[in-house]
Amino acid sequence: VQLQAFGGGLVQPGGSLRLSCAASRSLFSLNAMAWYRQAPGKQRELVAELRISERTNYADSVKGRFTISRDNTKNTVVHLQMNSLKPEDTAVYYCSAEFLTEMYWGQGTQVTVSS
């Protein structure tokens, strides 16, 4: 499974960004899609997960601010809508896919929240 992430950038605190991840196969063939992030000096952490069952999971730090969803028209794309961004959201964000028993990773995209 190949994954390509888009949409990172620089945003002011309180602003919004939408990350997108395009997979090389239908999301309905994958057990789950997820976004992780890694800040400098910190471990990679799960941000949001969307399972094939439609169940979503979020890190406590982003609940109510971030939303993971499938694209309405493309069944190979998943989005992460990030609202009310905080400086502590600054990190490299990675999309991942769970296919059979393997995890696949896309390249990271930098999100910087700063005034």
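Residues numbered from 1 in each chain as written. Predicted model: local features only at pLDDT ≥ 70, side-chain atom pairs only at ≥ 80, totals over all residues. Heavy atoms only, no water.

Draft legend 1. Spotlight on the overall build of the protein. In terms of helices and strands, the protein carries zero helices and 11 strands. Along its sequence from the N terminus, the protein presents helices and strands in the succession β-β-β-β-β-β-β-β-β-β-β. Projected onto its principal axes, the C-alpha positions of the protein cover 40 × 30 × 25 Å. The burial tally for the protein puts 41% of its 115 residues in the buried class. Relative to all contacts within the protein whose residues are 6 or more apart in sequence, the contacts with residues 24 or more apart total 52%. Per element, the accessible surface of the protein, about 6,200 Å² overall, is 46% carbon and sulfur. On the protein, the mean spot of the 12 positive side-chain charges and the mean spot of the 9 negative ones are 2 Å from each other. (Helix = DSSP H or I, 4+ residues; strand = E, 2+ residues; numbered from the N terminus. Buried < 20%, exposed > 50% of the residue type's maximum accessible area, 1.4 Å probe, protein only. Contact = heavy atoms within 4.5 Å. Areas by Shrake-Rupley, 256 points an atom, 1.4 Å probe, with all protein chains shown as cover. Lys, Arg positive; Asp, Glu negative; His and termini not counted. Charge placed at Lys NZ, Arg CZ, Asp CG, Glu CD.)

Draft legend 2. Broad picture of the state of the cysteines. Per the counting criterion, the structure on display carries one disulfide. The disulfide partner of Cys 21 is Cys 95, and the gap between their sulfur atoms is 2.2 Å. The sign of the S-S torsion, about 50°, decides the handedness of the disulfide formed by Cys 21 and Cys 95: right-handed. In this pair, Cys 21 is assigned in strand 3 (residues 17-23) and Cys 95 in strand 9 (residues 91-99), connecting sequence segments 74 residues apart. (Disulfide = S-S within 2.5 Å.)

Draft legend 3. Broad picture of the pairing of strand 8 (residues 77-82). For strand 8, a buried count of five out of six residues is recorded, marking the element as mostly surrounded by other parts of the structure. Pairing of strand 3 with strand 8, which is carried by six bridges, proceeds in the antiparallel orientation. Within the sheet, the bridge partner assigned to Leu 17 lies in strand 8 and is Met 82. Direction of pairing for strand 7 (residues 66-70) relative to strand 8: antiparallel, over a ladder of five bridges. Looking across to strand 8, one finds that Ser 69 is bridged to His 79. Linkage of strand 7 to strand 8, two consecutive antiparallel strands, is achieved through a turn of six residues. (Pairing = 2+ DSSP bridges.)

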